[in-house]
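Working through the structure, step by step
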Amino acid sequence: LKNAEFTFDVDVSTLQCGMNGALYFVEMPEDGGLGAFPSNTAGANLGTGYCDAQCPHDIKYIHGETNSEGWTSGESGGRYGACCVEMDIWEANSFATAYTPHSCDTTKPDTDRYYRCDGEVDCGDGENRYNGVCDKNGCDFQPYRHGNTSFYGPGSSFRVDTTKKMTVVTQFITDDGTDDGTLSEIRRFYVQDGVVVQNPTVTKVGSPHDSITEGFCDAAAEWAADGTNFLEKGGMESMDIAHETGMVLVMSLWDDETVNMKWLDSDFGDPPSNLRGPCPGDETSTPEYVRENYPNSFVKFSNIRFGPIGTTTPPSPSSPSPSPSPSPS
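Presented here is a report on the structure given in the accompanying data block. (Residues numbered from 1 in each chain as written. Predicted model: local features only at pLDDT ≥ 70, side-chain atom pairs only at ≥ 80, totals over all residues. Heavy atoms only, no water.)

Structural notes on the pairing of strand β7 (residues 97–102)
Among the six residues in β7, six count as buried, and that is most of the element. Every second residue of β7 is oriented toward a common face, with T97, Y99 and P101 on one face and A98, T100 and H102 on the other, all of them buried. With antiparallel pairing between neighbouring strands as the criterion, strand β6 (residues 86–92) and β7 make up a hairpin whose turn holds four residues. (Buried < 20%, exposed > 50% of the residue type's maximum accessible area, 1.4 Å probe, protein only. Helix = DSSP H or I, 4+ residues; strand = E, 2+ residues; numbered from the N terminus. Pairing = 2+ DSSP bridges.)

Right, dumping it as structure tokens:
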């Protein structure tokens with residue numbers, strides 16, 4: 001996807017606080033590890049090989065071996081975790097959205113890119129979150145968190161109205177504008193009702209930015225002061241190598257048993273970067289509540305395509321700025 005764009009249509013109109021309809025890429029082996037590990041006779045079609053930047057422990061089969069040592073049910077899982085570079089193209093419900101690259105310092109050509117971490121430090125568990133091999137926070141561009149609370153939400157007063165289907169375009173810009181160049185910028189814009197909506201320019205991080213660059217990531221990490229270490233774990237170089245070697249598309253709809261998705265849509269962490277969205281983050285965001293009260297919620301991804309910059313959407317006019325909008329009840 002270097003010097004290219006990835007585009008899809010999405011409907012998040014039924015996704016409430018505490019939900020996340022996600023579309024993302026991970027640097028897992030395409031065959032699920034079938035070729036690299038002779039003891040793996042299953043492959044990706046039977047569920048092996050998954051990894052991401054959270055180094056999940058609840059993967060039952062890693063590097064051709066069972067992850068049964070120390071296994072406990074739930075997210076705790078087994079001794080080992082499965083780590084790799086992750087590009088979150090889309091994490092969203094109808095109230096908040098973010099796109100986020102996650103780097104890993106395993107992403108060097110001479111190392112294992114589908115990495116099996118071992119232990120709390122290596123895997124970045126608990127208090128060692130920032131000591132592991134991957135940047136778990138990521139360098140997120142989140143309009144609400146970065147100060148634009150009227151850009152994305154349900155209703156016509158928002159720049160992007162989540163009661164309607166939208167087209168999401170993500171461009172991977174190289175430093176010299178060629179396929180062989182180095183990844184230097186990740187840009188985003190939307191198309192809704194035939195009108196192009198540019199990603200907002202945010203200034204809360206100390207200087208104006210409307211896309212993800214290493215300059216934005218550096219400024220955002222300093223502003224948030226939350227331990228984010230995207231640049232230290234490899235930054236854009238990490239993502240560049242992942243694009244060169246290939247990544248696998250993943251789609252999911254999930255709720256959050258750990259923190260009720262507050263990191264996406266509510267008040268989470270410490271000031272000044274704690275306000276991520278307008279959701280209350282209380283019991284109405286718990287998995288138990290959303291499953292009972294919104295059993296028919298869905299996210300619909302469609303018309304997925306990719307191609308050279310400027311080829312996946314027709315030319316159309318840009319949108320005007322809307323008036324300020326209310327928060328959900």
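Structure shown, so let's carry the discussion forward.
A closer look at the pattern of salt bridges
Tallying each qualifying case throughout the model produces 14 salt bridges. Here K2 ties to D240 by a salt bridge, and the two come within 3.0 Å at their closest N and O atoms. With K2 in the segment before β1 (4–11) and D240 in helix α3 (residues 235–245), this pair connects stretches of sequence that are 238 residues apart. Of the charged contacts in the structure, one is a salt bridge between D9 and R305, with a shortest N-O distance of 3.4 Å. In this pair, D9 is assigned in strand β1 and R305 in strand β15 (residues 300–308), connecting sequence segments 296 residues apart. No difference in accessibility class separates D9 from R305, as the two residues are buried. (Salt bridge = Lys/Arg side-chain N within 4 Å of Asp/Glu carboxyl O.)

Some words on the sheet that holds strand β2 (residues 19–26)
One open sheet holds the four strands; their spatial order is β7-β6-β2-β14, and the pairing between them is antiparallel. For this open sheet the edge positions go to β7 and β14 (248–255), each flanked by a neighbour on one side alone. Strand-to-strand twist in this sheet, taken as the mean axis angle between neighbours without regard to direction, amounts to 15 degrees. (Axes fitted to C-alpha atoms, helices over the stretch in contact; angles between N-to-C directions.)

Observations concerning the sheet that holds β1
Read from one edge of the open sheet, five strands run β13-β12-β11-β1-β15, paired in antiparallel fashion. Two strands close off the open sheet at either side, each with one partner strand: β13 (195–198) and β15. Averaged over all adjacent pairs, the angle separating strand axes in this sheet is 25 degrees, with direction ignored. Bridge count between strand β12 (residues 183–192) and β13: four bridges; the pairing is antiparallel. Pairing of Q192 across the sheet is with V195, part of β13. Across the sheet, α3 lies against β11 (166–174) and β12, angled at about 75 degrees from β12, the strand it touches most. (Contact = heavy atoms within 4.5 Å.)

Digging into the environment of K165
Looking at the element boundaries, K165 is found in the loop between β10 (160–161) and β11. With a relative accessible area of 53%, K165 lands in the exposed category.

A word on the packing of aromatic side chains
By the definition in use, this model includes 12 aromatic pairs. Geometrically, the ring pair formed by F8 and W90 is edge-to-face, given 6.1 Å between the ring centres and 75 degrees between the ring planes. Of this pair, F8 sits in strand β1 while W90 sits in strand β6, and the two are 82 residues apart along the sequence. Seen from their ring centres, W90 and Y190 are 6.5 Å apart, and the 65 degrees between their planes marks the pair as edge-to-face. Pair noted here: W90 is in strand β6 and Y190 is in strand β12, with a separation of 100 residues, a long-range link. Of the residues examined, W90 reaches a relative accessible area of 0% and is grouped as buried. For Y190, a relative accessible area of 2% translates into the label buried. Among the aromatic residues, ring-to-ring pairing joins F6, F8, F25, W90, F151, Y152, Y190 and F301 into one connected group. (Phe/Tyr/Trp six-rings, centres within 6.5 Å; stacked < 30°, edge-to-face > 60°.)

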